[in-house]
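Single-letter residue listing:
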Amino acid sequence: MLDLIDKLKYERELRAQGIEYICGVDEVGRGPLAGPVVCAAVIMPLDTPIDGVDDSKKLNEKKRETLAETIKKNAIAYAICRVEPSIIDEINILEATKLCMKNAVETLAIKPQFVLVDGNMKLDIDIPQKSIIKGDYLSYTIGAASIVAKHFRDKLMCDYAVQYPQYAFEKHKGYGTKIHIQAIVDHGICPIHRRSFTKKWQ
């Protein structure tokens, strides 16, 4: 596991160039059969980094929740955006993810001077950017964004579980688990399912 110094490598390089407002942006929910794709963009103070920030998938639910609240409380700016299943079906998940990331960055109350993007995507924004494979693990600010996004989406899917209890969204968060697929076979799809992802079971 990288320590905080290692995770701040990209941010330190940018600050050495005089760049102050560095945004990390990440998504969660590209793979599920149901629910939106969610993206978070954060600008963090780098002189007082938060210990424990990591790829959100490596953290348990309780740790994510604690860190997400701490990140939001301490962030210089943060934004959370979502793109709904109907749009995912219309423009495909890759384009929906890029749109979601773009919206998150452009919704920030403070315009960043540089954007660190998780993965290998290039965003349609007028701000310098760098894509980092496994950025949620390698970059502190992208890791912080991943935690905020995942905490938000997981909570949202638990809310949907109350509305559509037959699908057990609280257990799998919309991913294609055996229990979820069987629920689709038994009950059909609901309004938050991605039709383009569930054709074989409709």
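Quantities reported herein were computed from a predicted structural model and do not represent experimental measurements.

S.K.: Residues and numbers for the packing of aromatic side chains, please.
M.R.: All told, the structure shown has 2 aromatic pairs when counted by the stated rule. Taking the centre distance of 6.5 Å and the plane angle of 35° together, the rings of tyrosine 160 and tyrosine 164 count as tilted. Each member of the pair tyrosine 160 and tyrosine 164 is classed as buried. The interplanar angle of 20° and the centroid separation of 5.5 Å between the aromatic rings of tyrosine 167 and phenylalanine 169 together place this pair among those described as stacked. On the basis of relative accessibility, which here comes to 1%, the residue tyrosine 167 falls in the buried class.

S.K.: Lay out the environment of serine 139 in plain terms, naming residues and giving numbers.
M.R.: Structurally, serine 139 is set in the loop between α6 (135-138) and α7 (140-163). Residue classification places serine 139 among the buried residues on the basis of a relative accessible area of 1%. Taking the C-alpha atoms as reference points, serine 139 and lysine 7, separated by 132 residues in sequence, lie 4.8 Å from one another. Those residues in contact with serine 139, other than ones at most four positions away along the chain, are Lys7, Tyr10, Glu11, Leu116 and Ile132.

S.K.: Help me get a handle on the pairing of strand β4 (residues 114-118), residues and values and all.
M.R.: The buried fraction of β4 amounts to 5 of the 5 residues, a majority that puts the element mostly inside the structure. Strand direction decides the pairing type here: strand β1 (residues 22-28) and β4, joined by 4 bridges, are parallel. Looking across to β4, one finds that isoleucine 22 is bridged to phenylalanine 114.

S.K.: Now, about the packing of helix α3 (residues 61-74) against α7: what can you tell me, with residues and values included?
M.R.: At a closest axis distance of 9 Å, the pairing of α3 and α7 adopts a crossing angle of 120°. Crossing hand, α3 versus α7: left-handed. Contacts from Arg64, Glu65, Leu67, Ala68, Glu69, Ile71 and Lys72 of α3 reach α7 at Ala144, Ile147, Val148, Lys150, His151 and Asp154. Here the residues of the contact of α3 with α7 are counted per class, giving 6 nonpolar, 1 polar and 6 charged.

S.K.: Provide a residue-level description of unusual backbone geometry, including the pertinent values.
M.R.: In this structure, asparagine 92 takes a positive phi of about 85° despite not being glycine. Its place among the elements puts asparagine 92 in the loop between α4 (85-91) and α5 (93-107). On the accessibility criterion, asparagine 92 (41% relative accessible area) is partly exposed. In this structure, lysine 134 takes a positive phi of about 60° despite not being glycine. In this structure lysine 134 comes out as exposed when scored by relative accessible area, which is 60%.

S.K.: Tell me about the pairing of strand β2 (residues 37-43), residues and numbers included.
M.R.: Within β2, 7 of the 7 residues are buried, which leaves it mostly tucked inside the rest of the structure. Along β2, one buried face is formed by Val37, Cys39, Ala41 and Ile43 and the opposite face, lined by Val38, Ala40 and Val42, is buried too. Both β1 and β2 contribute to a ladder of 6 bridges, which runs antiparallel. Counterpart to glutamate 27 in the pairing with β2 is cysteine 39.

S.K.: How would you explain the side chain of lysine 7 if you had to name every residue and give the values?
M.R.: Turning to its location among the elements, lysine 7 is positioned in helix α1 (residues 4-7). When its relative accessible area of 2% is taken as the criterion, lysine 7 is described as buried. Polar contacts involving the side chain of lysine 7 include one to the main-chain carbonyl oxygen of tyrosine 137, which spans 2.5 Å. Ignoring sequence-local partners within four residues, the contact set of lysine 7 consists of Leu2, Val53, Asp54, Tyr137, Leu138, Ser139 and Tyr140.

S.K.: Hey, could you go over helix α2 (residues 9-16) for me, with residue numbers and the actual values?
M.R.: Those residues of α2 that fall on the buried side of the exposure criterion are Tyr10, Glu11 and Leu14. Seen along its axis, α2 keeps its buried residues to an arc of 100°; they face one direction. Following α2 by one or two positions, glycine 18 adopts a phi angle in the positive range, close to 90°.

Reading the values: rules and limits
- Residues numbered from 1 in each chain as written.
- Predicted model: local features only at pLDDT ≥ 70, side-chain atom pairs only at ≥ 80, totals over all residues.
- Heavy atoms only, no water.
- Phe/Tyr/Trp six-rings, centres within 6.5 Å; stacked < 30°, edge-to-face > 60°.
- Buried < 20%, exposed > 50% of the residue type's maximum accessible area, 1.4 Å probe, protein only.
- Helix = DSSP H or I, 4+ residues; strand = E, 2+ residues; numbered from the N terminus.
- Contact = heavy atoms within 4.5 Å.
- Pairing = 2+ DSSP bridges.
- Axes fitted to C-alpha atoms, helices over the stretch in contact; angles between N-to-C directions.
- Left-handed = near helix turned anticlockwise from the far one by under 90°.
- Nonpolar A, V, L, I, M, F, W, Y, C, P; charged D, E, K, R; others polar.
- Polar contact = N/O pair within 3.5 Å; in protein donor to acceptor, adjacent residues only side chain to side chain.
- Arc of directions from axis to C-beta.

The analysis is restricted to geometry; functional conclusions fall outside its scope.
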